[in-house]
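Architecture at a glance
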Number of protein chains: 2
Amino acid sequence: MTTIRDVAELAKVSTATVSRVINSNGYVNDGTKKRVKEAIEQLNYLPNDVARSLFKGRSQMIALFVPDITNPFFPELARAIEDVTNQYDYTFVLCNTDNDIVKKIDYLNALQQKSVDGFIIVSSSLMEEHLKNIQAPIVALDRSISSDISSVTVNNRVGSRQAVKYLKSLGCSRIAHIAGPEHVDNAIYRMRGFLDEVKHEGWFNSSYVVSGAYNFEMARKATVNLLTKNPEIDGIFAGNDLMGAGVLNAAASLDIKVPEDLAVIGFDGISLGEKVTPALTTMAQPIYDIGTRAAEILITQISTPDSTVTAEEFNVQLTERQSTQ
Amino acid sequence: MTTIRDVAELAKVSTATVSRVINSNGYVNDGTKKRVKEAIEQLNYLPNDVARSLFKGRSQMIALFVPDITNPFFPELARAIEDVTNQYDYTFVLCNTDNDIVKKIDYLNALQQKSVDGFIIVSSSLMEEHLKNIQAPIVALDRSISSDISSVTVNNRVGSRQAVKYLKSLGCSRIAHIAGPEHVDNAIYRMRGFLDEVKHEGWFNSSYVVSGAYNFEMARKATVNLLTKNPEIDGIFAGNDLMGAGVLNAAASLDIKVPEDLAVIGFDGISLGEKVTPALTTMAQPIYDIGTRAAEILITQISTPDSTVTAEEFNVQLTERQSTQ
DNA sequence: TTGTATGCGTTATCAC
DNA sequence: GTGATAACGCATACAA
C-alpha cells in the first residue's frame with residue numbers, strides 16, 4: 001500500500017505538508033499544493049483510514065441494529081439511513097441482531113472496539129444497563145429504550161385507534177386483533193389502541209386478541225384458529241403488515257372472501273402490502289422519514305456531544321387498498 | 001477509554017506481558033497471567049481494534065455488496081453470510097449498491113481504506129478493471145465477474161429449462177417469459193433456458209418474452225400488457241420470484257384465475273413466494289447454502305492468500321405451490 | 001509557508 | 001518468563 005510518506009518523497013515535501021493538503025488544513029503554497037496533488041494522483045494514493053481512526057479516536061462509521069433483516073420493514077428503514085449516512089461521508093454498517101441479547105452485546109462491543117461513531121438501534125430487549133459502557137451516542141428507532149436516549153417513533157396507539165375506527169366505519173361489528181410480541185413496546189401500544197376502541201363494545205371478548213409475534217407464519221396459524229372458532233369475525237386489525245399478509249393467507253385458505261366477508265388492515269406500510277392479493281390496507285408509517293430523522297439526530301449528537309435528548313413521534317397515515325374495500 | 005497500559009500498570013507488568021495474555025501468545029507465568037486477567041476484568045478492558053488493525057493491516061471485517069436490499073432475496077442471502085462471518089469472528093458489513101457503479105466504487109475505496117479483509121459481491125456492472133486496485137480477496141456471488149475471481153452461482157439455464165418443462169407437463173401450450181435485466185448474466189441464462197425449450201415450438205413468437213427488470217412493478221405492468229394482447233397464454237415463467245409476484249398480481253387484476261387459467265412459476269425460492277396468494281411455485285435456489293459457501297470460500301482465501309480460484313455451481317430445485325396446481 | 005518530532009494503542013522482536 | 005522498544009500510517013504542536 002502506498003503511504004503518505006511515498007507521496008511526500010515524490011513531491012519532495014514532508015509528510016506534514018501532504019497531510020495539510022489532504023485535509024485542507026493550514027497554509028500551503030499553491031505551487032507545492034499542486035505538486036502534492038499530482039503525486040497523490042500519480043501514486044493513486046488513498047489515506048489509510050485505520051491510522052486516521054487511531055489518531056482521531058473516531059472511525060466515520062455508523063451502525064444500525066435491526067432485529068430481523070428478513071422483515072421487509074427493516075431493509076426499507078435501512079435504505080433511508082444509508083442515504084443520510086453516505087451523504088455525510090459515514091460508512092454504514094448494518095447489524096442483524098435476531099432479537100438475541102447476546103448477539104447485540106457482542107456487536108456493541110465489537111463495534112465499540114472499532115471506534116464506531118454512533119448507533120441507531122431498533123430493540124426491545126436492550127436496556128440502559130447494557131449500554132452504560134458505550135461511549136458513542138445512540139438513537140433508538142421504532143422502539144424507545146430509555147428517557148436518556150433520543151428516540152424516533154410513531155404514534156402507535158392513536159394510529160391503532162384510527163385503524164379500528166376505520167374498520168367500524170366500514171360496518172365491521174366483530175373486530176379481532178393479531179398482536180405483536182408482548183415484550184415489544186410498540187406492539188403493546190398497538191394493542192392498547194385496539195382495546196381503547198373495542199373494550200366497551202358489547203360483542204368484545206378477550207379471545208379476539210391473539211398473538212402473532214410480528215411473524216407471518218405465526219399470524220397465519222393464529223388467524224386460522226381464530227376464524228375457525230369465531231366465524232362471526234368480520235374485521236381484523238393486524239399489528240403489522242407482515243402479520244396482515246398472514247391474515248390474508250389464512251383467509252384464502254379458509255375460503256373467506258376479503259374484503260367482502262372480512263376486512264383486513266395492517267400497520268407499517270411496507271411494500272409487501274402492495275404485492276399481496278388483495279392488496280393490504282394499512283396504517284402506514286413514514287418509514288423513509290423516520291429513518292432519515294434518526295440518522296440526522298445521531299449525526300448531530302456525534303458532532304455536538306452535549307446536545308439534548310429528544311423524543312420525536314411521527315404520525316401514521318391510513319392507506320386504503322383492496323383488503324378493506 | 002482504558003488501554004493496555006492501564007492494565008499493565010494495575011497488574012504491575014509490562015504491556016508486552018498483557019498483550020501475551022490477551023493473545024495467548026508466548027510464555028507467561030500462571031500467577032502473572034492470573035493477575036493480568038484480574039486487572040482486565042476489573043478495568044473492563046477491551047482491546048482497541050483500530051490499533052490492532054493498524055498494526056496487522058487487517059480489520060477482521062468482511063463486506064457484502066448487494067444491488068437492492070429491498071429485494072427479499074438479498075436479506076436472505078445476507079443472513080447466511082452473517083452467520084458464517086460471525087462464527088469466524090469477523091464483523092459483517094452490508095452495503096447496498098443500488099446497482100450504481102459509482103456507489104460501488106466509493107464503497108470499495110472506503111472499505112479498502114478501512115483495511116476490510118475481503119468482499120463478497122453481487123454485481124453485474126463491476127468489471128475486473130474496477131477491481132484491479134483492490135488488494136483484498138473477492139468472491140462473486142449469484143453473478144460471476146471474471147474467470148480470475150471465485151464465484152458461487154446456480155445452474156440458471158438448466159433450472160429454467162426444468163421450469164418450462166414442468167409447465168409443459170402441466171399441459172401449458174402457450175408459455176411466456178418475464179425476463180430480468182438484459183445486463184445481468186443470470187437473467188440472460190434464465191432467458192436462454194426458456195428459449196431452449198420453446199423456440200422450436202410452432203406457437204412460439206418473440207412477443208412472448210417481455211422485460212420485467214427483476215422488479216415487481218415493472219413485471220406487473222408488463223404482464224398486464226402481455227396478457228391483454230395475448231389472451232391465449234396459459235403459462236408464465238418469471239425470471240425471479242419478485243416478478244412472479246407481479247405476475248400473480250397482474251393476473252388477479254385481470255380476473256384471470258391462477259392456476260386454473262394460467263400457471264405461474266418463478267425463480268429464487270424467497271419466502272415472499274409463500275406469502276402471496278396463490279402461493280408461488282418456483283425453482284428454488286439453496287439460498288442459505290450458496291451464501292454460506294461464498295463466505296467460506298472468502299475466509300479460506302483470506303487465510304490462504306494463494307489459494308486457487310474456484311467456480312462453484314449449485315442446483316436449483318422445483319418447489320411446487322398453488323400457482324401451478 | 002514548511003519541516004521535525006511525538007503520540008494514537010497495539011503487537012512483535014530482541015534483549016535480559 | 002518478562003520488559004523495553006520499534007513500527008503500523010497518520011495528524012498535530014511546535015520550531016524554524
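Owing to the predicted nature of the structure, the values given are computational and were not obtained by experimental measurement.

Turning next to the pairing of strand S1 (residues 61-66) of chain B. Residue and element names in this part refer to chain B. A large share of S1 lies buried, amounting to six of its six residues. Taken together, S1, helix H5 (residues 73-87) and strand S2 (residues 91-96) constitute a β-α-β crossover, and its handedness is right-handed. Two elements, S1 and strand S3 (residues 118-121), share four bridges in a ladder whose sense is parallel. Bridging across to S3, Leu-64 finds its partner in Ile-120.

Further remarks concern the sheet that holds strand S6 (residues 175-179) of chain B. All names here are of chain B. Reading across from one edge, S7-S6-S8-S9-S10-S12 is the order of the six strands in this open sheet, with mixed pairing throughout. Two strands lie at the open edges of the sheet, namely strand S7 (209-211) and strand S12 (317-319), each paired on one side alone. Strand-to-strand twist of the sheet, defined as the mean angle between neighbouring strand axes without regard to direction, takes the value 20 degrees. Running over the sheet, helix H9 (residues 185-198) touches S6, S7, strand S8 (235-238) and strand S9 (263-268) and is turned about 170 degrees from S6. Running at roughly 160 degrees to S9, helix H11 (residues 241-253) makes contact with S6, S8, S9 and strand S10 (281-284) of the sheet.

What follows concerns the relation of the copies chain A and chain B. Expressed as a screw operation, the relation of chain A to chain B combines 0.0 Å of axial shift with a rotation of 180 degrees, fitting to an RMSD of 0.1 Å. The transformation just described matches what one would write down for a two-fold rotation axis. When the interface residues of chain A are mapped onto chain B, 100% of them again lie at the interface, so the same face is used by both copies.

A few words on unusual backbone geometry. Residue and element names in this part refer to chain A. Note that the residue after Val-258, namely Pro-259, is joined by a cis bond; omega there is 10 degrees. Following the sequence through the fold, Pro-259 ends up in the loop between helix H11 (241-253) and strand S9 (263-268). Of note, Asp-89 is a non-glycine position whose phi angle comes to about 65 degrees, a positive value. With respect to the helices, strands and loops of the structure, Asp-89 is situated in the loop between helix H5 (73-87) and strand S2 (91-96). Accessibility expressed as a relative area gives 61% for Asp-89, which makes it exposed. In the Ramachandran plot, Tyr-214 falls in the positive-phi region, its phi being about 55 degrees despite a non-glycine side chain. Within the secondary structure, Tyr-214 is located in the loop between strand S7 (209-211) and helix H10 (216-229). A relative accessible area of 12% means that Tyr-214 is categorised as buried.

This part covers the pattern of salt bridges. Taken as a whole and assessed by the stated rule, the structure comprises 36 salt bridges over all chains. Residues Asp-83 of chain A and Arg-79 of chain A are paired through a salt bridge, measuring 3.2 Å at the closest nitrogen-oxygen approach. Of the two residues, Asp-83 of chain A and Arg-79 of chain A both sit in helix H5, four residues apart, roughly one turn of that helix. Accessibility expressed as a relative area gives 23% for Asp-83 of chain A, which makes it partly exposed. In this structure, the salt-bridge partner of Lys-103 of chain A is Glu-82 of chain B, at a minimum N-O distance of 3.5 Å. Here Lys-103 of chain A is found in helix H6 (residues 101-113), whereas its partner Glu-82 of chain B is found in helix H5 on a different chain.

All names here are of chain A. Taken in spatial order, the six strands make up an open sheet running S7-S6-S8-S9-S10-S12, and their pairing is mixed. Looking at which strands have only one partner, the edges of the open sheet turn out to be S7 and strand S12 (317-319). Between one strand axis and the next, the sheet turns through 20 degrees on average, direction left out of account. Pairing analysis gives three bridges linking strand S8 (residues 235-238) to S9, with the strands arranged parallel. Its bridge partner lying in S9, Ile-236 is registered against Val-264. Here helix H9 (residues 185-198) sits on the sheet and contacts strand S6 (175-179), S7, S8 and S9; the angle it forms with S6, its principal contact strand, is near 170 degrees. H11 rests against S6, S8, S9 and strand S10 (281-284) of the sheet, and its axis sits at about 160 degrees to S9.

Cut-offs used in this document
Residues numbered from 1 in each chain as written. Chains lettered and ligands numbered in written order. Predicted model: local features only at pLDDT ≥ 70, side-chain atom pairs only at ≥ 80, totals over all residues. Heavy atoms only, no water. Buried < 20%, exposed > 50% of the residue type's maximum accessible area, 1.4 Å probe, protein only. Helix = DSSP H or I, 4+ residues; strand = E, 2+ residues; numbered from the N terminus. Right-handed = clockwise from strand over helix to strand, strands pointing away. Pairing = 2+ DSSP bridges. Axes fitted to C-alpha atoms, helices over the stretch in contact; angles between N-to-C directions. Contact = heavy atoms within 4.5 Å. Least-squares fit on C-alpha atoms with pLDDT ≥ 70 in both. Salt bridge = Lys/Arg side-chain N within 4 Å of Asp/Glu carboxyl O.

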